[in-house]
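Commentary on secondary and tertiary structure
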Amino acid sequence: MAKKKPGRKDQVLALLLYPLDWLEERSGLVGGVRYFLFRKVPGDISWGHTLGSASLTAFIVQAVTGVILAMYYKPDPNSAYESIRHITDDLYAGWLVRGMHRWGASVFIILMFLHMGRVFLYGAYKFPRELNWIIGVLILVMGMMEGFFGYLLPWDQTAYWATVVGVNLQATGPFVGPFLGDILRGGAEIGPDTLARFYSLHMLVLPGAIAGLIGLHLYLVVRLGVVSPPWSPEGAGTERPGPPPPPRSGLVAPSPRGTRRR
Amino acid sequence: MEPHGGHGSANEPTPTIWPVGFAVGIACIFIGLILSKIILVVGAVITAIFGFLWIRDATSGLRTAAQPADEGTEPSTSAPPIRADRGRAAMPEPGEDEVVRFPRSKLLEATTLGLGGLIGIVVTAPVLGFTILPPFIKQGHPEIDVGAIDDFPENKFVTTTYLLNPEQGEVSRRTAYIRNNGLLDNVPSFTVLSNRCVHLGCPVQINGLPLKKSSETRDGLLVDRTPNAAAAGFGCPCHGGQYDTEGNRTAGPPVRALDRYEFRIDNGRLLLGDTFSVSHVSGTGADAQIYAYPLAGPGQHVDGIEAWLYPVQPPR
């Protein structure tokens with residue numbers, strides 16, 4: 001043997017990488033994920049730019065906890081409240097998963113608003129990113145609809161009367177309001193159909209729509225790139241005189257303060 | 001080949017009126033499903049006619065196979081004539097106007113898109129109808145027997161609750177405030193108010209002292225009756241709307257007077273029917289003048305200029 005035998009470490013590494021290579025060769029997925037995770041972004045982005053990912057994380061938490069809650073929840077007026085009590089009081093860690101879903105809902109909405117504020121203040125909604133702003137607003141509206149439809153599901157007095165008021169509020173809209181109210185309720189009054197209808201909208205229709213829109217949102221983020229802060233020398237509309245800033249490598253060696261132009 | 005229209009390219013569809021008629025037909029079908037079969041049939045006919053005309057119009061460009069000007073660059077669709085050793089050619093040489101034919105790719109394209117669209121419509125229409133129409137169909141309910149006339153003491157409001165549909169359980173519980181006004185021209189007179197607040201639909205409560213409850217089960221239907229010692233009016237717990245003993249608004253956000261039940265007396269029993277809306281009531285008790293309107297949702301005006309915002313109510 002002229003060649004040196006591969007060491008044990010290399011063998012283990014090859015073994016570990018084999019499934020990834022197999023996948024990459026047949027789908028290109030590994031390269032796609034690498035491209036998505038390690039794509040170029042401006043050097044002076046900050047923690048504010050993580051709010052979008054944080055919103056996505058909150059949505060994933062809602063989706064996962066919601067799917068698990070759906071395993072125990074019964075969308076029927078005579079058993080809905082009892083099934084929620086069963087989840088909270090009897091099942092192992094049920095209180096925790098329900099609590100994550102219940103409080104995570106607010107976290108999701110708050111993070112979306114913070115993300116929206118960051119995008120607005122940085123002017124990141126401007127050309128060519130208007131479409132992504134519109135998609136984001138649709139996601140926000142659907143997220144709030146999730147809150148409205150999910151609020152009925154515990155089927156206690158608060159849930160019931162809040163939904164009565166909420167639906168009647170929408171039924172006071174001019175011209176189409178009365179019809180909208182009946183469509184939401186599934187009838188002239190709140191009944192068993194209303195609960196099942198709200199459940200379906202809350203756990204199937206809206207999450208599916210939101211997931212699709214998030215995919216579109218991310219596609220546009222990758223395609224159009226991330227915006228520098230308005231005060232950045234790399235910001236839109238600023239001339240870039242002088243030599244390029246010294247090379248830096250992210251978290252390990254951030255650029256020295258003095259090189260930044262104000 | 002004739003140029004297709006006077007403007008645009010050959011592939012650009014010219015504006016037509018047919019989709020509008022098609023949409024009107026679909027709307028007629030939906031309305032007919034709610035109201036009457038005649039409208040349904042008319043709608044179906046309109047849809048079929050306009051659909052046919054629309055398809056005919058949309059495919060006219062394909063059927064006449066508009067030919068682009070740069071004919072020379074087009075790959076020839078004909079093969080060179082095959083030389084036969086004897087007799088006539090196996091494939092006759094195409095004539096000048098046989099060269100241009102309906103391209104196969106165009107046909108496949110149109111067929112795929114057309115069939116896909118058709119399948120989409122056929123699948124979507126019933127699903128959409130199933131989603132939207134049931135809330136507007138068969139929303140009525142039978143009359144409810146809430147007790148004998150003697151069960152309602154004169155000039156006292158009785159909080160009467162019952163299950164509209166016992167199979168559905170508590171979710172169908174309804175409440176009426178019933179006052180026996182005594183006899184008017186030898187006919188018993190009742191004031192039957194709905195407990196649905198006309199602000200946003202919360203349950204209004206009697207401002208007064210409840211007395212002993214009595215219950216009665218009749219035909220499997222449990223009716224609870226709680227007389228009230230001295231009702232001073234009604235109040236809503238949600239946003240503070242207040243009403244007097246005739247249901248007129250006295251304070252707060254409600255936009256009209258409390259809804260009322262239609263009622264009927266049969267063999268000395270009081271039967272409650274549907275509810276209707278009331279703009280206001282003048283007078284009291286048996287002498288009250290009720291300004292009645294078809295049932296409207298909470299928060300919707302039934303009279304005055306604001307009522308113009310709600311010209312059509314869903315069928316009940």
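Quick caveat: nothing in here was measured; it's all calculated off a predicted structure.

1. Some details on the overall build of chain A
Broken down by element type, chain A carries nine helices and zero strands. Along the chain direction, N to C, the helices and strands of chain A fall in the order α-α-α-α-α-α-α-α-α. Residues counted as buried form 23% of the 262 residues belonging to chain A. Within chain A, contacts between residues separated by at least 24 positions form 67% of all contacts whose residues are at least 6 apart in sequence.

2. Thoughts on the nonpolar core
The biggest cluster of nonpolar side chains holds 37 residues, and the ones touching the most others in it are Ala176, Ile178, Val192 and Leu258 of chain B. Of all the secondary-structure elements, those providing two or more residues to this core are α7 (157-171) and α8 (177-185) of chain A together with β1 (144-148), β2 (157-163), β3 (173-184), β4 (187-194), β11 (257-266) and β12 (269-282) of chain B. Top element by residues in this core is β12 of chain B. It accounts for four residues. If sequence neighbours within four positions are ignored, Ala176 of chain B has contacts with Thr160, Val192, Leu193, Ser194, Asn195, Tyr261 and Leu272 of chain B.

3. Section: the interface of chain B and chain A
At the junction of the two partners, chain B supplies 23 residues and chain A supplies 23 residues. Residue composition of the side of chain B that touches chain A, grouped by class: 13 nonpolar, nine polar and one charged.

4. A closer look at unusual backbone geometry
A cis amide bond links Phe127 of chain A with the next residue in sequence, Pro128 of chain A, at an omega value of 0 degrees. Within the secondary structure layout, Pro128 of chain A lies in the loop between α5 (94-121) and α6 (130-151). Even without glycine at this site, Asn186 of chain B takes up a positive phi of about 65 degrees. Within the secondary structure, Asn186 of chain B is located in the loop between β3 and β4. With 5 C-beta atoms packed within 10 Å, Asn186 of chain B lands in the exposed category. At Asn267 of chain B, a position not held by glycine, the phi torsion is positive, near 55 degrees. By secondary structure assignment, the location of Asn267 of chain B is in the loop between β11 and β12.

Conventions used here
Residues numbered from 1 in each chain as written. Chains lettered and ligands numbered in written order. Predicted model: local features only at pLDDT ≥ 70, side-chain atom pairs only at ≥ 80, totals over all residues. Helix = DSSP H or I, 4+ residues; strand = E, 2+ residues; numbered from the N terminus. Buried ≥ 20, exposed ≤ 12 C-beta atoms within 10 Å, placed from the backbone. Contact = placed C-beta atoms within 7 Å. Core = buried A, V, L, I, M, F, W, Y, C linked by C-beta atoms within 7 Å. Nonpolar A, V, L, I, M, F, W, Y, C, P; charged D, E, K, R; others polar.

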